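# Understanding the architecture of this molecule
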Amino acid sequence: MTRTAAREIAIQLCFAAASADLEPGELAERFFDRAYYESLGEEQELFREYPDADQMAYILRLTSLASEHRAEIDALIERYAKGWRIERISRTALAVLRCAVCEIFYMEDIPNAAAINEAVELCKGYDGPDTVSFVNGVLGGIMRGELGETSPAEAPAQE
């Protein structure tokens, strides 16, 4: 399983936890039950390979941190989602944003550029171009406003 697949699973868990108002640990325990997980693999390729110990640790760490820091993360998202309240952002885009912001601010072993690129690419699989641009714009705003950095998509082309 790739880090991208593990990240996508974490995004789906964050989406489910927010939708069902469950704690990530409780949700993960149900979700990673071998029989249940294997049944998901019959329907969706993403779940055909069970995460190894490192991948599982990454998924659980990301979902736990995103839940633990949700209020702070949501405040950042809302600050840079000009004119958008959290309630108006699609739940899928919000899960992607929460995970990316969590990786940027709370997971030092994940490069910021990787977190943003992965978020934008994964968003393409769930939402349309307008939402993908929105996610990229919010993450770019956060990078400029909070860290004084340019997001990868906004960086000038190398000649």
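The coordinates are above.
So, a few notes on the structure that sits alongside this text.

Conventions adopted
- Residues numbered from 1 in each chain as written.
- Predicted model: local features only at pLDDT ≥ 70, side-chain atom pairs only at ≥ 80, totals over all residues.
- Heavy atoms only, no water.
- Buried < 20%, exposed > 50% of the residue type's maximum accessible area, 1.4 Å probe, protein only.
- Helix = DSSP H or I, 4+ residues; strand = E, 2+ residues; numbered from the N terminus.
- Arc of directions from axis to C-beta.
- Contact = heavy atoms within 4.5 Å.
- Core = buried A, V, L, I, M, F, W, Y, C linked by side-chain atoms within 4.5 Å.
- Phe/Tyr/Trp six-rings, centres within 6.5 Å; stacked < 30°, edge-to-face > 60°.
- Lys NZ or Arg CZ within 6 Å of the ring centre and 35° of its normal.
- Salt bridge = Lys/Arg side-chain N within 4 Å of Asp/Glu carboxyl O.

We now examine helix H5 (residues 70-80). Among the residues of H5, Ile73, Asp74, Leu76, Ile77 and Tyr80 are the ones counted as buried. Summarising the axial view, the buried residues of H5 lie within an arc of 160 degrees, below the 170-degree limit, and thus occupy one face. Buried-residue contacts for H5 involve helix H4 (53-68), helix H6 (91-106) and helix H8 (129-147).

Attention now moves to the nonpolar core. Ranked by size, the top nonpolar core spans 55 residues in total, and within it Ile9, Phe32, Ile77 and Leu139 carry the most contacts. The dominant element in this core, judged by the number of residues it contributes, is H6, at 10 residues. Setting aside anything within four residues of it in sequence, one finds Leu139 in contact with Leu97, Ala100, Val101, Ile104, Ile116 and Ala119.

This part covers the packing of aromatic side chains. In this structure the tally under the stated criterion is nine aromatic pairs. Aromatic side chains Phe31 and Phe32 sit 5.0 Å apart centroid to centroid with 90 degrees between the ring planes, which places their arrangement in the edge-to-face category. Pair check on accessibility: Phe31 and Phe32 agree, each one buried. Centroid distance Phe31 to Tyr36: 6.1 Å. Interplanar angle 65 degrees. Geometry classified as edge-to-face. Of the residues examined, Phe31 reaches a relative accessible area of 11% and is grouped as buried. Clustering of aromatic rings is evident, with ring pairs tying together Phe31, Phe32, Tyr36, Tyr37, Phe47 and Tyr50. Here the basic side chain of Arg3 rests over the ring of Tyr58, its NZ or CZ set 4.1 Å away from the ring centre. Stacked on the ring of Trp84, the Lys or Arg Arg88 has its end atom at 4.2 Å from the ring centre.

Another point: the pattern of salt bridges. What the rule picks out here adds up to nine salt bridges. Between Asp109 and Arg61 there is a salt bridge; the shortest N-O distance is 3.0 Å. With a gap of 48 residues between them, Asp109 in the loop between H6 and helix H7 (112-124) and Arg61 in helix H4 connect regions that are remote in the sequence. What makes Arg61 partly exposed here is its relative accessible area of 34%. Between Lys124 and Glu121 there is a salt bridge, with the nearest N and O atoms lying 2.9 Å from each other. Taken together, the residues Lys124 and Glu121, both in helix H7 and three residues apart, mark about one turn of the helix. Taking the relative accessible area as the measure of exposure, Lys124 reaches 47% and is therefore partly exposed. Note on Glu121: relative accessible area 48%, which makes it partly exposed.

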